[in-house]
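# An overview of the molecular structure
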Amino acid sequence: MGSLSIGHWLIVLVVVVLIFGTKKLGNVGSDLGKAVKGFKDGMKNDEEKQPAASQQAQPQPPQQVADQTTIDVETREKTRH
């Protein structure tokens, strides 16, 4: 049960051609090629957009809040009693 030899692959190829036919296999191949091309174009566009987005996404310094008081609820409740 080792690896498949060239004879096994030829039998598999013949069975696939008999089941699907050459026209359908050609259509599947062209559709697959279009999908791969679309994927590559999408990746290329993402790589071109990414540097522009990283330049815009520079960290902003924290903004100062007008009132810097912090209320500790537990302490406030203890002082009421």
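In this text, all values refer to a predicted model and were calculated from it rather than measured experimentally. (Residues numbered from 1 in each chain as written. Predicted model: local features only at pLDDT ≥ 70, side-chain atom pairs only at ≥ 80, totals over all residues. Heavy atoms only, no water.)

Quick look at the overall build of the chain now. Of regular secondary structure, the chain possesses 3 helices and 0 strands. Secondary structure elements of the chain, listed N to C terminal, follow the sequence α-α-α. Burial analysis of the chain (81 residues in total) assigns 0% to the buried set. A total of about 8,100 Å² of accessible surface is found on the chain, and carbon and sulfur atoms cover 61% of it. (Helix = DSSP H or I, 4+ residues; strand = E, 2+ residues; numbered from the N terminus. Buried < 20%, exposed > 50% of the residue type's maximum accessible area, 1.4 Å probe, protein only. Areas by Shrake-Rupley, 256 points an atom, 1.4 Å probe, with all protein chains shown as cover.)

With that settled, the discussion passes to the UniProt feature "transmembrane region" (unreviewed entry) in the chain. Per the UniProt record, the feature "transmembrane region" (unreviewed entry) sits at residues 6-22. Along residues 6-22 the backbone is 94% helical and 0% strand, and the end-to-end C-alpha distance reaches 21 Å. (UniProt positions renumbered as here; feature names shortened; annotations may be inferred.)

Let's shift gears to helix H1 (residues 6-20). The terminal C-alpha atoms of H1 lie 21 Å apart, and with 15 residues this matches the ideal 21 Å at 1.5 Å per residue to within 8%. Backbone geometry just after H1 places Gly21 at a positive phi near 85°. (Expected span 1.5 Å × (residues − 1).)

So, on to the confidence of the model for the chain. Mean pLDDT over the chain stands at 76; residues scoring 70 or higher make up 58%. Mean pLDDT values over the elements of the chain span from 62, in helix H3 (residues 73-80), up to 90, in H1. (pLDDT = per-residue confidence, 0-100.)

Right, let's get into a nonpolar patch on the surface. A surface patch of nonpolar side chains, amounting to about 1,100 Å² of accessible area, comprises Leu4, Ile6, Trp9, Leu10, Ile11, Val12, Leu13, Val15, Val17, Ile19, Phe20 and Leu25. In terms of residues, the nonpolar patch owes the most to one element, H1, which gives 10 residues. Following the sequence through the fold, Trp9 ends up in helix H1. (Patch = residues over 30% accessible without salt bridge, like charges linked within 9 Å, V, L, I, M, F, W, Y side chains within 5 Å. Salt bridge = Lys/Arg side-chain N within 4 Å of Asp/Glu carboxyl O.)

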